Amino acid sequence: MLLGVIADDFTGASDIANTLAKGVAPDGGLRTAQFPGVPDGPADPGIEAGVISLKSRSAPVKEAIADSLAALDWLLAQGCQQIIFKYCSTFDSTPDGNIGPVAEAIMARMGATSAVACPAFPTAGRTIYQGHLFVFDRLLNDSGMQNHPLTPMTDPDIRRWLSQQVNGPVGLIPLRVVGRGPATVRQAISDHEASGGGLFIADAVTDEDLLTLGEALADAKFVTGGSGIALGLPRNFIRSGLAKGGQINSTEVSGPAAILAGSCSGATRGQIDHHAQHHPTLAIDVPAVMHGVFGVDHLVAFIEKHAGQAPLCYSSGTPDEVKALQKTFGREAVSAKLDLLFADAARNLVRKGYRRIVVAGGETSGAVAQAVASELGNPAMIIGPEIDPGVPVLTLGDANPQAIALKSGNFGAPDFFAKALRVMEGPA
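Not measured: the values here are computed from a predicted model.

1. What about the overall build of the protein?
Then step 1. If you tally the helices and strands in the protein, you get 15 helices and 18 strands.
Then step 2. Its C-alpha atoms give the protein a radius of gyration of 21 Å, within 12% of the compact-globule value 22 Å for 428 residues.
Then step 3. Each of the three principal axes of the protein carries a C-alpha extent, and together these read 65 × 45 × 35 Å.
Then step 4. Split into buried and exposed, the 428 residues of the protein put 58% on the buried side.
Then step 5. Within the protein, contacts between residues at least 6 apart in sequence are counted, and of these 74% link residues at least 24 apart.

Printed below as a string of structure tokens:
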């Protein structure tokens, strides 16, 4: 294994695994696998990039650090020459962490003196200019992320936000430096290290900027960012002769399907509304779940009743609805109860022969992916074709593969859910 990724949630892991597997033409990408947590044994020696999926984004800081360091140790044991700490392209965190503390802990373990922090993902509208994060034409704190139920982002100045989480100063490599090419960026990094090192924000507003950063970071032991920061890294290994490069293999999976949505983002709520125009949907009664009146049997029964019609079950709500539920039952209690509901539903569906499962929402995706992988003996998840930017099909198992798609809340076109099921089946 050449390149290892520690992802702080499951949808983010799929996102960057997709980037690494796809690569950039004409070189192609790396043979990439995604793992649901830290594996117990060694990886297949043919895997060139390994992505470990954690649920550390909203975990207590000490727990997030411990889990990330365990993932780091496993990846280094597989021979990884470069490590990426992957977080969301909207820098989902609180003033206390977890991005800064985890990054500093990994730097210390690896003996790295500096590391880039670049959540830019221009394909999905996330760009960084003068250290400020934009979502399309809106600053981060005016993009809807200020209403996130777990990690509300109220400051678009990523340099300032990260400075609250770390012990040292945070540097900046502005766009005018990035635009001058890899050599200039490498000199800026050297200057940053000479002045004390630590984390530094790198501006990026186009894929070309990310490719410039990728070339400049070819020798970096440790990199942090969104999936975009990995765009130019595979070709470093391919052009050096360490990796073969190539295209993504497609495994066609048909059979019973279900869709589970736990994201409360505006994009996901719009996708649910779009899907409901032509397919059966079930709005989960969250108070009934909290009181023990609605459970996994009700959810699975709805899906079975509408087999073959792409049924969707969701707990998504508006920001005001979510706040009201959290105030009544407690934020952690609601999240834990819904994660358990979706995970138990996924286990039941796999046992009943449902071979295609689409999931929306980071926390929901983590719960479902872990449940499905556990049911199948925790195989590696192989990266398949891209559904929409940042969201690939994942397949588990060889003889009778299971397909899943893990969608971050804000990702995907309006018809994402139906499209995901079509892509899993392969070309018409």
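So, next bit.
2. A closer look at unusual backbone geometry
Then step 1. With an omega dihedral of 5°, the bond running from Ala 25 to Pro 26 counts as a cis peptide bond.
Then step 2. As for its placement among the helices and strands, Pro 26 is situated in the loop between helix 1 (10–22) and strand 2 (32–36).
Then step 3. Here the amide bond leading from Gly 97 into Asn 98 is cis, since omega sits at 20°, within 30 degrees of zero.
Then step 4. Notably, Gln 130 is not glycine yet its phi reads approximately 50°, a positive angle.
Then step 5. With respect to the helices and strands, the residue Gln 130 is situated in the loop between strand 6 (126–129) and strand 7 (132–135).
Then step 6. A residue is classified by how much of its surface remains accessible, and Gln 130, at 35% relative accessible area, is partly exposed.
Then step 7. Residue Phe 136 is not a glycine yet carries a positive backbone phi of 55°.

3. Quick look at the side chain of His 306
Then step 1. Within the fold, His 306 resides in the loop between helix 11 (296–305) and strand 14 (312–314).
Then step 2. Not counting residues within four places of it along the chain, the set of residues in contact with His 306 comprises Pro 280 and Pro 311.

4. Observations regarding the pattern of salt bridges
Then step 1. One pass over the full model with this rule turns up 20 salt bridges.
Then step 2. Between Lys 419 and Asp 388 there is a salt bridge, and its shortest N-O distance comes to 2.7 Å. Of the two residues, Lys 419 is situated in helix 15 (residues 416–425) and Asp 388 in strand 16 (residues 381–388); the sequence distance between them amounts to 31 residues.
Then step 3. Taken together, the salt bridges that share partners define one network made up of Asp 8, Asp 9, Arg 57 and Asp 92.

5. Examining helix 14 (residues 362–375)
Then step 1. The terminal C-alpha atoms of helix 14, which comprises 14 residues, lie 20 Å apart, in line with the 20 Å expected from a rise of 1.5 Å per residue.
Then step 2. With 10 of 14 residues buried, helix 14 is to be regarded as a mostly interior element.
Then step 3. Looking one or two residues past helix 14, Gly 377 carries a phi angle of roughly 90°, positive in sign.

6. What to know about the sheet that holds strand 8 (residues 138–139)
Then step 1. Spatially, 6-7-8 is the arrangement adopted by the 3 strands of the open sheet, whose pairing is antiparallel. A strand with exactly one partner marks an edge of an open sheet, and here the two such strands are strand 6 and strand 8.
Then step 2. By the bridge criterion, 4 bridges tie strand 6 to strand 7 in an arrangement that is antiparallel. Within the sheet, the bridge partner assigned to Tyr 129 lies in strand 7 and is His 132.

7. A look at the nonpolar core
A general trend in soluble globular proteins is that nonpolar side chains are found buried together.
Then step 1. Membership of the largest hydrophobic core comes to 119 residues, with the highest contact counts inside it found for Cys 118, Leu 213, Phe 222 and Leu 299.
Then step 2. If one sorts the elements of this core by residue count, helix 13 (residues 331–351) sits on top with 8 residues.
Then step 3. Filtering out sequence-adjacent residues up to four positions away, Leu 213 remains in contact with Cys 118, Val 178, Val 185, Ala 202, Asp 203, Ala 204 and Ile 229.
Then step 4. Formed by 23 residues, the second largest nonpolar core is a distinct cluster that contains Ile 272, Leu 312, Ala 403 and Phe 416.

What counts, and at which threshold
- Counting of residues starts from 1 at the beginning of each chain's written sequence and follows it residue by residue.
- In keeping with the predicted nature of the model, local features appear solely for residues at pLDDT of at least 70, side-chain atom pairs appear and are counted solely at 80 or more, and the whole-chain, interface and lining totals rest on all residues.
- No hydrogens and no water enter the side-chain calculation; it runs on all heavy atoms of the structure.
- Helix and strand definitions here come from DSSP, where helices need a minimum of 4 consecutive H or I residues and strands a minimum of 2 consecutive E residues; each element is numbered from the N-terminal end.
- Note that the radius of gyration is over C-alpha atoms, with the globule rule given as 2.2 Å times the number of residues to the power 0.38.
- Between buried and exposed lies partly exposed: a residue is buried under 20% and exposed over 50% of the maximum accessible area for its type, with that area taken using a 1.4 Å probe on protein chains only.
- Here, two residues are considered to be in contact whenever any of their heavy atoms come within 4.5 Å of each other.
- Counted as salt bridges are all cases of a side-chain nitrogen of Lys or Arg within 4 Å of a carboxyl oxygen of Asp or Glu.
- Given the number of residues in a helix, its expected span is that number minus one, multiplied by 1.5 Å.
- Pairing between strands is defined by DSSP: at least two bridges between them are needed.
- The definition of a nonpolar core used throughout is a set of buried Ala, Val, Leu, Ile, Met, Phe, Trp, Tyr and Cys residues joined through side-chain atoms within 4.5 Å.

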